[in-house]
Amino acid sequence: MSYNLNACRAMFVGACLFLFPSSSRGVVPAAYSSFPDANSAFSRPVSAEALKKQFLERTVLRPPPLPMDAAALRSAIVDGLNIGFMLKGLDSRELQVKEAGDSRRAGYLRRRLLFKDPFIGELEAWLLLPSTGAAGGLPAVLGLPGHGDTASDFENTRLGADLARAGYIVLIPVFRVYSLDKEERDLSLRFLRGGFTLMGLRVYETMLALKYLRALKEADPSKIGVFGHSGGSVVANLLVRLTGGIAAQAGDYRIDYLAAADGTENSEHLPAIFPLSGTINNLATLPFPHLTVQYGFTDAVSRRQVLDFFSAALLHSGAMPPDKELPAEDHFVKARIEAGAGEKAAALASLDKALGADPGPEELPRIAALYAELGETGKAEEVLQGAAKRTDAPAPLIDLAGLAAGAGNKELALERLSRAEGMALQAEDKQRIALIYQELREYGRALELLRGLAAENPGNAVFLAALGLCEYLGGDRQAAEKHLLSAIEKAPARLSAYLTLGGIYSAGGRDEAASALYDRALALKEPEGGGALRDLIARQRKALPPSSARKTNR
């Protein structure tokens, strides 16, 4: 259980459930620009007024699930996306894929691929191959990035690398015209007016990637999962209704495919698909295991949830032994899947069975974390108390302090932190304790720990950034700016310090400095902690006063 609280986000940007970047991904590829004209034989022209009317007519009620079988739903989606002519002969059509370079990574090989197709031109994808030495039969995951995310983002911050190191082949398509910007909006409307959909091209590209995975000699075609973030989840939700052979799906986003008629439409807004949205989003009709995870899945609990889900669904799929023979770890994995599916009672029952299967001390904090996530904080506390009695490590006691802090019991939290500080502490333990002190507004004690960490590890940008934030919260803005600038100097690709320092600049009325800092962060080619953090930075940059933005960009 982790209490790495991002107080900066709460202070400067508020609670955001859905985060969208605003930066452009460049020019529209020629195959996209020419697509409506090149395929005019299949167009269904719609006037701008008629399209606006379609959106307006669909703003009252969200549709319930319709009585449709899988074949009828597939046919309706294909028709709504107008991709039937592209799918015709797809299975028999030659798939041209060129290998364009390998890069060795810790635990896996990254291979750049170039797909060539008559409908969509050239599509880039990244293939992550585990360093297992296995000749074939590996499970595979098709990873679909969100709007604005790069393949590098999905590899490094959306669990792509973690999955590859865990033994999965991971294939990540690089979607184009995919930043919720003017280019995507204009192209989406142009496609809609021609009777096509930009989403249809994304779905088709994903089906090409899936076809490649199924034929890959290293992969087991019966063990292929799909994992999407944000807009990638939207693509996946359509994909799994159009093809068989999917063994598992995880994602963090579902929509009704409806746009406002105010000029904000993009590739996810599809009038013809909107009536089907209730049916598409009816998880009970999916013929395989599925997991809905917290949006962004950047926290440790959600990331573990995804890994556990694919472990159960792909690595350990097949006949399961009776419950009484399952070890604690498998009961916990079942509970994770059930919790992700919204089946709270079943998840709690599986957690109870995990406790009855004599879990080791390293498993108890994970079990406690899931109890807490399900709202059973009393049970979580009981489990952690048991864990604390079975180990001399401070982690369970720190977790207990975090529970008390979250419940508003400051006195108990401080007592537990004091006890934890009397134990042998690693640097990670000290940082977690400092963050709980910070949550309790005990800034003096938090700063003492963070300054000690920064002194012991002067090159550690994480400690420097945490120290800078805590100094600002404690009222020392000058010291905060100094340490945050130092964190950026030590690790210029990490985004968290940019977000914190930009917020401090903006809060102090220094909008031009904030703009320049945000622009610097958004210009990074391969940022660390991209995705959600970059989304936040883009939103903060966009929210600055226009006059400030104009001065900065002169």
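Fair warning: this is a prediction, and the values are worked out from it, not measured in the lab.

**Here's the deal with helix H17 (residues 377-390)**
Right, on to step 1. The end-to-end C-alpha distance of H17, which contains 14 residues, comes to 20 Å, matching closely the 20 Å that a straight helix rising 1.5 Å per residue would cover.
Right, on to step 2. Summarising the contacts, the buried residues of H17 are in contact with helix H15 (344-356), helix H16 (364-373) and helix H18 (395-406).

**Some thoughts on helix H25 (residues 511-522)**
Right, on to step 1. The terminal C-alpha atoms of H25, which comprises 12 residues, lie 16 Å apart, in line with the 16 Å expected from a rise of 1.5 Å per residue.
Right, on to step 2. Taken as a whole, H25 has its buried residues at Asp-511, Ala-514, Ser-515, Leu-517, Tyr-518 and Ala-521.

**A look at the pattern of salt bridges**
Right, on to step 1. Going through the model one piece at a time under the given rule, you end up with 27 salt bridges.
Right, on to step 2. In this structure, Lys-410 and Glu-442 form a salt bridge, with 2.9 Å as the shortest nitrogen-oxygen distance. In this pair, Lys-410 is assigned in helix H19 (residues 410-421) and Glu-442 in the loop between helix H20 (427-439) and helix H21 (443-456), connecting sequence segments 32 residues apart.
Right, on to step 3. The class for Lys-410 is partly exposed, based on a relative accessible area of 34%.
Right, on to step 4. Where Arg-445 meets Glu-421, a salt bridge forms, and the shortest distance between an N and an O atom there is 2.1 Å. Taken together, the residues span a long stretch of sequence, with Arg-445 in helix H21 and Glu-421 in helix H19 at a distance of 24 residues.
Right, on to step 5. Each of Glu-99, Asp-102 and Arg-111 takes part in one network of salt bridges that share partners.

**Points about the pairing of strand E2 (residues 108-117)**
Right, on to step 1. The element E2 is extensively covered by neighbouring structure, given that 8 of its 10 residues are classed as buried.
Right, on to step 2. Pairing between strand E1 (residues 96-105) and E2: 8 bridges, direction antiparallel. Each residue of the ladder has a partner; that of Arg-105, found in E2, is Tyr-108.
Right, on to step 3. In this structure, E2 lies alongside strand E3 (residues 121-130), joined through 10 bridges in antiparallel fashion. Of the residues in E3, the one forming a bridge with Arg-111 is Leu-127.
Right, on to step 4. What sits between E2 and E3 in their antiparallel hairpin is a turn of 3 residues.

**A word on the sheet that holds strand E7 (residues 248-251)**
Right, on to step 1. The strand order E1-E2-E3-E5-E4-E6-E7-E8 describes an open sheet built from 8 strands, whose pairing is mixed. Pairing within the sheet leaves two strands with one partner each, and these edge strands are E1 and strand E8 (290-292). Neighbour-to-neighbour, the strand axes of the sheet open up by a mean angle of 20°, direction not taken into account.
Right, on to step 2. In the sheet, strand E4 (residues 138-144) pairs with strand E5 (residues 169-173) via 3 bridges, with the strands oriented parallel. Across the sheet, the residue bridging to Ala-140 is Ile-169, located in E5.
Right, on to step 3. The strands touched by helix H10 (residues 198-215) within the sheet are E1, E2, E3, E4, E5 and strand E6 (219-228), with E4 carrying the most contacts at an inclination of about 165°.
Right, on to step 4. Docked against the sheet, helix H13 (residues 300-315) engages E4, E6, E7 and E8, running at close to 155° with respect to E6.

**Some words on the environment of Glu-376**
Right, on to step 1. Examined against the element boundaries, Glu-376 turns out to sit in the loop between H16 and H17.
Right, on to step 2. With relative accessibility at 31%, the residue Glu-376 sits in the partly exposed group.
Right, on to step 3. Along the primary structure Glu-376 and Leu-348 are separated by 28 residues, whereas in three dimensions their C-alpha atoms are 8.9 Å apart.
Right, on to step 4. Beyond its immediate chain neighbours, meaning those up to four positions away, Glu-376 contacts Lys-344, Leu-348 and Tyr-371.

**Looking at the confidence of the model for the chain**
Atomic detail in the predicted coordinates should be set aside for any region of low pLDDT.
Right, on to step 1. Here the chain averages 83 in pLDDT, and 86% of its residues register 70 or above.
Right, on to step 2. Looking over the chain, one finds the lowest element-wise mean pLDDT in helix H1 (residues 7-12), namely 36, and the highest in E5, namely 97.
Right, on to step 3. Here residues 1-26 is a poorly scored stretch, pLDDT under 50, and it has 78 contacts once near neighbours within four places are set aside; other chains count.
Right, on to step 4. Low pLDDT (under 50) marks residues 318-324, which in the prediction has 5 contacts with non-local residues, meaning those over four places away or in another chain.

**Thoughts on the side chain of Ser-350**
Right, on to step 1. Residue position: Ser-350 is located in helix H15.
Right, on to step 2. By relative accessible area, Ser-350 is classed as buried at 5%.
Right, on to step 3. Among all residues touching Ser-350, those that are not within four sequence positions of it are His-331, Lys-334, Ala-335 and Glu-338.

**Notes on the packing of aromatic side chains**
Right, on to step 1. All chains considered together, the criterion is met by 15 aromatic pairs.
Right, on to step 2. On the numbers, 4.9 Å between centres and 35° between planes, the contact of Phe-227 with Phe-297 is tilted. Of this pair, Phe-227 sits in strand E6 while Phe-297 sits in the loop between E8 and H13, and the two are 70 residues apart along the sequence. There is no split in this pair, since Phe-227 and Phe-297 are both buried.
Right, on to step 3. Their ring planes at 75° and their centres at 5.8 Å tell us that Tyr-253 and Tyr-295 sit as a pair that is edge-to-face.

**Brief notes about the packing of H18 against H19**
Right, on to step 1. In the contact formed by H18 and H19, the axes pass within 8 Å of each other and the chain directions differ by 165°. With respect to H19, the element H18 is oriented roughly antiparallel. For H18 against H19, the interelement crossing comes out left-handed. Across from Leu-397, Ile-398, Leu-400, Ala-401, Ala-404 and Ala-405 in H18, the residues of H19 making contact are Leu-412, Ala-413, Arg-416, Leu-417, Arg-419 and Ala-420.
Right, on to step 2. Here the contact of H18 with H19 is composed, by residue class, of 10 nonpolar, no polar and 2 charged.

Conventions adopted
Residues numbered from 1 in each chain as written. Predicted model: local features only at pLDDT ≥ 70, side-chain atom pairs only at ≥ 80, totals over all residues. Heavy atoms only, no water. Helix = DSSP H or I, 4+ residues; strand = E, 2+ residues; numbered from the N terminus. Expected span 1.5 Å × (residues − 1). Contact = heavy atoms within 4.5 Å. Buried < 20%, exposed > 50% of the residue type's maximum accessible area, 1.4 Å probe, protein only. Salt bridge = Lys/Arg side-chain N within 4 Å of Asp/Glu carboxyl O. Pairing = 2+ DSSP bridges. Axes fitted to C-alpha atoms, helices over the stretch in contact; angles between N-to-C directions. pLDDT = per-residue confidence, 0-100. Phe/Tyr/Trp six-rings, centres within 6.5 Å; stacked < 30°, edge-to-face > 60°. Parallel < 35°, antiparallel > 145°, perpendicular 65-115°, else oblique. Left-handed = near helix turned anticlockwise from the far one by under 90°. Nonpolar A, V, L, I, M, F, W, Y, C, P; charged D, E, K, R; others polar.

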